[in-house]
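# What the coordinates show
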Amino acid sequence: MNNNRHFTRLIKAAARLREFNFRKLPSTAGDLYHVDVSDDRGNRLIFKMQREGGNQWKIVDEALPPWVYEIEPRLAEALEDQLQSSN
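Rules used throughout
- Residues numbered from 1 in each chain as written.
- Predicted model: local features only at pLDDT ≥ 70, side-chain atom pairs only at ≥ 80, totals over all residues.
- Heavy atoms only, no water.
- Core = buried A, V, L, I, M, F, W, Y, C linked by side-chain atoms within 4.5 Å.
- Buried < 20%, exposed > 50% of the residue type's maximum accessible area, 1.4 Å probe, protein only.
- Helix = DSSP H or I, 4+ residues; strand = E, 2+ residues; numbered from the N terminus.
- Contact = heavy atoms within 4.5 Å.

This part covers the nonpolar core. Within the largest apolar cluster, 22 residues are counted, with the highest numbers of intra-cluster contacts made by F20, F22, F47, M49 and L75. Considering each element in turn, this core owes the most residues, 5 residues, to helix α2 (residues 72–86). Excluding residues that lie within four positions of it along the chain, L75 makes contacts with I11, F20, F22, F47, M49, I59 and V68.

Shown next, in the form of structure tokens:
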């Protein structure tokens, strides 16, 4: 069975609508998603989000721009919405 899951969401961050790509790789154990988005210069920011204690999703990487951390609840909501709709 292929456990490779991916989806894209448009989320407003730092006064811009940005495309966030979420991917769970087949080799990833547990609830861990890789997320990528472009910054204002077109550089890709790649980070991970992991489910902690129930349904709480958290960014597990450091040194990201502040606007990424500011929208963590919206990223978590996108993950939960996708997981609910795929069940």
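Picking up where we left off.
Let's shift gears to unusual backbone geometry. A negative phi holds for most residues other than glycine; trans holds for most peptide bonds. Phi at A14 takes a positive value of approximately 55°, unusual for a residue other than glycine. Within the secondary structure layout, A14 lies in the loop between β1 (5–13) and β2 (16–24). Positioned with a positive phi, A63 is a non-glycine residue whose angle comes to about 65°. Tracing the sequence through the fold places A63 in the loop between β5 (56–59) and α1 (66–70). Since its relative accessible area comes to 80%, A63 is described here as exposed.

Shape is all these values report; function is a separate question.
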